[in-house]
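Secondary and tertiary structure notes
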Amino acid sequence: MWLAAPDALAGDLTVVSWGGAYTKSQVEAYHKPWMARTGHRILSEDYNGGVSEIKSQVLAGNVTWDVIDLDSAEGLLACDEGLLEEIDSSILPPAPDGTPAEQDFFEGGIGSCMIGTVVGAMVFAYDQSRLSPGPTTIRDFFDLEKFPGRRGLRRSPKINLEMALAADGVPLDQVYAVLATAEGVDRAFARLDGIKDQVVWWEAGAQPPQLLADGEVVMSTAYNGRIFNAYALEGRSLAIVWDAQILDFGNWAIVKGAPNLELALDFIRFASMPENMAAQVSWISYAPARRSALEMVGTYHANPELDMISHLPTSPDNMKTAIWQDTEFWADHLDELNERFNAWLVGE
């Protein structure tokens, strides 16, 4: 049963996500069929992450966003601060074989305020037409002598600090234990110091593929789905290096005081159906957050000969040297490490 008859619900739904190929995949897999089913419109907005806008809307009592796509750490932080509605996971549809949703989602895919939708990876990539032979490990990303040239990094301590420690020889399963110490933080920033003068900072997910294609950088961190889209759909000669990539869930959440709460819950339930999750993967190389959806994954929408499974962050070959982002670590330390990172950027 749906939460309510769609024609009994009023209003248009505002859904906020990361833009580009990712939002396109959501529009095709979720927005369009949900609008056709309910007769309600979805107003799609883009943002670059963070909780500041959510907090501003909630504290001002002027909430205009309904559903938002959040990474796990920022979602947990927003939930702890009372900025998100709690979501009863019992509303989620079971797997086709009747397995309850709570058992079908991958571990960490359901939270009190968030419902996982995809598993994505922050990887690093390069342009094969400009760099051959190319890098093969995270150490290569930080090696300016072996691979001279500028690097693209997201303007955030998250991902950068983990990758810096991995490049500095910290075992992948100990990265967060080391980063939890003052010495570990110093060590990560010291590693970043080695490439700081060669960094081009990016904020929007569309920037890294363009920086690579334009030759402004020789390597860049990037969302794996953005790089996949660049070579699979646009024909660019970009390649992903699957080493020390950081895995995380993309999650649906509802802003506290959302003007269309029942519609938002209805949309999340619809988007959590395994067949709809699998449909999203035909548009972008992020893995679905449910096991049953993974079994339904097929080929790329623009090329039926391109099997999507091997391009997903959770495929066995791509998982060999992956790091799962520690959500609780970043929820606990994001503010202080943001402050340290911003001071480091300006040389303080």
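Owing to the predicted nature of the structure, the values given are computational and were not obtained by experimental measurement.

This paragraph deals with the nonpolar core. Ranked by size, the top nonpolar core spans 118 residues in total, and within it Leu 13, Ile 68, Ile 138, Phe 142, Leu 179, Phe 267 and Trp 330 carry the most contacts. Counting residues per element, this core draws most heavily on strand S8 (residues 238–254), which supplies eleven residues. When we break this core down by domain, the ones giving at least three residues each are domain 1 (2–119 + 248–314) and domain 2 (122–247 + 323–346). When neighbours within four sequence positions are excluded, Ile 68 is seen to be in contact with Val 16, Tyr 47, Ile 54, Asn 251, Trp 252, Ala 253 and Val 255.

Judged from the two bridges that link them, strand S10 (residues 299–300) and strand S11 (residues 303–307) form a sheet pairing that is antiparallel. Following the sheet pairing, Tyr 300 is matched in S11 by Asn 303. Hairpin connection from S10 to S11: two residues lie between these consecutive antiparallel strands.

Moving on, we come to the pattern of salt bridges. Scanning the entire structure with this criterion turns up 17 salt bridges. Residue Arg 37 pairs with Asp 266 through a salt bridge whose shortest N-O separation is 3.3 Å. Separated by 229 residues along the polypeptide, Arg 37 in helix H1 (residues 20–38) and Asp 266 in helix H11 (residues 261–271) bring together distant segments of the chain. Asp 140 is the salt-bridge partner of Lys 146, the closest N and O atoms lying 3.3 Å from each other. With a relative accessible area of 52%, Lys 146 lands in the exposed category. For Asp 140, a relative accessible area of 5% translates into the label buried. A single salt-bridge network, built from bridges that share partners, covers Lys 24, Glu 28 and Lys 32.

About the cut-offs
Positions within a chain are numbered from 1, following the residues in the order the chain's sequence is written. Local features in this predicted model are restricted to residues of pLDDT 70 or higher, and side-chain atom pairs are both shown and tallied only at a pLDDT of 80 or more, whereas totals for entire chains, interfaces and linings draw on every residue. Computation of side-chain values: all heavy atoms of the structure, hydrogens and water removed. Buried Ala, Val, Leu, Ile, Met, Phe, Trp, Tyr and Cys residues form a nonpolar core when they are joined through side-chain atoms within 4.5 Å. Buried, partly exposed and exposed residues are distinguished by accessible area as a fraction of the type maximum, computed with a 1.4 Å probe on protein chains only: under 20%, between the cut-offs, and over 50%, respectively. A helix here means a DSSP run of H or I that spans at least four residues, while a strand means a run of E at least two residues long, and both kinds are numbered starting from the N terminus. As used throughout, domain bounds are those supplied by an automatic or database domain assignment. In this description, contact between two residues means that some pair of their heavy atoms is separated by no more than 4.5 Å. Paired strands are those between which DSSP finds at least two bridges. The term salt bridge refers to a side-chain nitrogen of Lys or Arg lying within 4 Å of a carboxyl oxygen of Asp or Glu.

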